[in-house]
Structures are given as C-alpha cells and as structure tokens.
Amino acid sequence: MEHEVFVPVPAERLRDVLADPVRVARAVPGLQQDAGAEPVAGRLKVRIGSHSITYRGSLRLSAREDGTYAVEGEATESRGTGTVTLALTLRADDADGGATLAFTGTATADGRVTELPEESVTSAATRLLTRFAENLATAARTPQQPERETEPEPEENPEPRHTSVFDTEVPPSSLMDTDEDDEGDEEDEATPGAAEPVVQPPAEAAHARRTMIGRSAEEVDHAPPRGRYAPVPAPQPSAVGAPLRWAAPAAALVVASAIVVGRALRKRR
C-alpha cells in the first residue's frame, strides 16, 4: 500500500507533532481513547461502503535514524473475532508551499473485512490516511498550550479533629458587666453632633442591675423582680370594716323605735 498527501505546513512542524503521542492520538479520526490506556489506544469505527466495523486496539509510532517513522498497530473486532495488523512507514518531506506525507507498508486482516469488496476496503483505508494527515497539519498549525497543573482535590471525608473542653471558647456572662462598661457605652453614644438625646435608664433599673452583680445564677433566677417589674401587692383588709358591720342594724333599730314612739303619741291624742 502506498499513499501520499500534501499539507500546507512545513515538514519540521509535522515532525514536532509526530514526536508527541498525545497529539498523534488526537489526529487519528474517530478514535475513542480508553481511560488509563496508552495515548494511541482505544476504539475506532471504520466505514467501508455501506458497512461499519468497530475495532479495538493500539497504535505505536517511533522515529528512525533516517528521518522516517515506523507505524505499527494491532486491533480486533469489538463484535467478532476478526483482527487487523498494520505496518507502515511514514515520511515527511518539504514541498512547495508545505510538505508531503508519504505512507508505505502492508496491512493484513481477517474476519468481516474479508467479506467486503477490495475496492471499498482500499478506498476506506486511503480516506482514513488522508484525514489523519490533514489532522496532523491542523495540529501543527495550532500552537500547543501548556498543560495546567491540577490542583489537589480536597478530601471528601476529612478525619475529625479531636477538640478538648478546655479549647472551647466560653462566651462572657451578661452578669459580669460593670458600671464602667455602662459609662463607656454612654460616652460612645453621647458623641458630639448626635441628633437624638441619650435616654438614661431609670434609677430603679440601674439599682436592680447593681444588686444582681456578684450574685449566683441560681439566686438571680429565683430572686423576685424589683423596680417597675415588681409585682403589685394585694390590698390588705382594713380595720374600718368591723364597725360598719354594726352600723346598719343600729340604724334599723333607731328607725323602728321612732315609728313605735310616733304611733304611741297618736293614740294618746
């Protein structure tokens, strides 16, 4: 098999691409690379006439001392037992306005491909090599971008860090506020040019707050409120109610006596 393709790219740039297996793998038309496999390895779907055959295999490309490249490949049918073996020699030479890529070598196959017409097989192989050469030229015209350094991924399940009780931050208690803090707050609020006057807390509230300082939490919880929040004492019974209870019967007795005396005086007349 012999095939030659012209590309508008200098031969030196083509040699740079052929020296990089990753860029060579990208130039193979229709190659689906396997994860974790060699750079030029995976699945390749070949269209021959009205039939399609999918092969799985690998391709190796190595440079020789005379400036040519040796291309060796093996593949097997993904649905069948057919195999393909490829041994080619690739040469890149300068030409007017670009370079030429010449392919020479042999290829042997068995399986389904042997059942297809020879002209269709040759046409499919020629078309595959032409597209491969064009993709190499495209890769040579595109400047290679430097690979980005991959940042280490954060751990999904980080180990829990042991924390001691003594390392825990204790919030300050509201009962430990002193009068100095209150005075400092009042000074901050009473800044020059303030539009609103500072409202001083009532004396009863300040007295109740000062009496709560230094007392335990249990005493504060059970202490009765003072000042404006102190409970209103129930009215105590007055001693004046005792004489009033006898005033009504005495008045009734006086009225009844007056009526009896009046009737007696009328009878005497």
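It should be noted that the structure appears before, not after, this text.
Worth saying up front: this structure is predicted, and the values here are computed from it rather than measured. (Residues numbered from 1 in each chain as written. Predicted model: local features only at pLDDT ≥ 70, side-chain atom pairs only at ≥ 80, totals over all residues. Heavy atoms only, no water.)

Engineer: Honestly, the packing of helix H1 (residues 11-18) against helix H3 (residues 118-141) in this entry has me stumped. Any pointers?
Structural biologist: Packed helices, taken two at a time, are described by their axes: the angle between them and the distance between them. Running from N to C, H1 and H3 cross one another at 100 degrees; their axes reach a closest spacing of 9 Å. The angle between H1 and H3 places the two elements in the roughly perpendicular class. In this structure, H1 contributes Arg13, Leu14, Val17 and Leu18 to the contact, and H3 contributes Leu136, Ala137, Ala139 and Ala140. (Axes fitted to C-alpha atoms, helices over the stretch in contact; angles between N-to-C directions. Helix = DSSP H or I, 4+ residues; strand = E, 2+ residues; numbered from the N terminus. Parallel < 35°, antiparallel > 145°, perpendicular 65-115°, else oblique. Contact = heavy atoms within 4.5 Å.)

Engineer: Would you explain the pairing of strand S3 (residues 41-48) in this entry?
Structural biologist: One face of the sheet, then the other: side chains in a regular strand alternate in exactly this way. Inspection of the sheet shows strand S2 (residues 31-33) paired to S3 by three bridges, in the antiparallel sense. Residue pairing across strands places Leu31 opposite Leu44, the latter belonging to S3. As paired strands, S3 and strand S4 (residues 51-63) are joined by eight bridges and run antiparallel to one another. Residue pairing for S4: Ala41 is matched across the bridge by Ser58. (Pairing = 2+ DSSP bridges.)

Engineer: Which parts of the structure should I look at to understand the pattern of salt bridges?
Structural biologist: Two side chains carrying opposite charge are able to pair once their charged atoms lie near each other. One pass over the structure, following the stated rule, counts three salt bridges. Among the salt bridges present, the one from Arg15 reaches Glu12, with a minimum N-O distance of 3.4 Å. Within this pair, Arg15 and its partner Glu12 are both found in helix H1, separated by three residues, close to a single helical turn. With relative accessibility at 26%, the residue Arg15 sits in the partly exposed group. A salt bridge links Glu74 to Arg60, with the shortest nitrogen-to-oxygen separation between them at 2.9 Å. Linking Glu74 in strand S5 (residues 69-77) with Arg60 in strand S4, this pair joins segments that are 14 residues apart in sequence. (Salt bridge = Lys/Arg side-chain N within 4 Å of Asp/Glu carboxyl O. Buried < 20%, exposed > 50% of the residue type's maximum accessible area, 1.4 Å probe, protein only.)

Engineer: Where do I start with the nonpolar core in this structure?
Structural biologist: Nonpolar side chains tend to gather and get buried jointly when the protein is soluble and globular. Among the nonpolar cores identified, the biggest contains 36 residues, and Leu14, Ile48, Leu90, Leu101, Phe103, Phe132 and Leu136 are the most heavily contacted of them. Ranked by residues supplied to this core, first place goes to H3 with eight residues. When sequence neighbours within four positions are dropped, the list of residues in contact with Leu101 reads His3, Glu4, Val5, Leu14, Leu90, Arg91, Ala92, Ala133 and Leu136. (Core = buried A, V, L, I, M, F, W, Y, C linked by side-chain atoms within 4.5 Å.)

Engineer: Looking at this model, I keep getting lost on the side chain of Arg23. Mind explaining?
Structural biologist: Among the secondary structure elements, Arg23 is positioned in helix H2 (residues 21-27). We note that Arg23 is buried and unpaired, the nearest opposite charge coming from Asp20 at a distance of 4.4 Å. Here Ala139 takes part through its backbone oxygen, which lies 2.6 Å from a polar atom of the side chain of Arg23. (Lys, Arg positive; Asp, Glu negative; His and termini not counted. Polar contact = N/O pair within 3.5 Å; in protein donor to acceptor, adjacent residues only side chain to side chain.)

These figures come from the coordinates and say nothing about function on their own.
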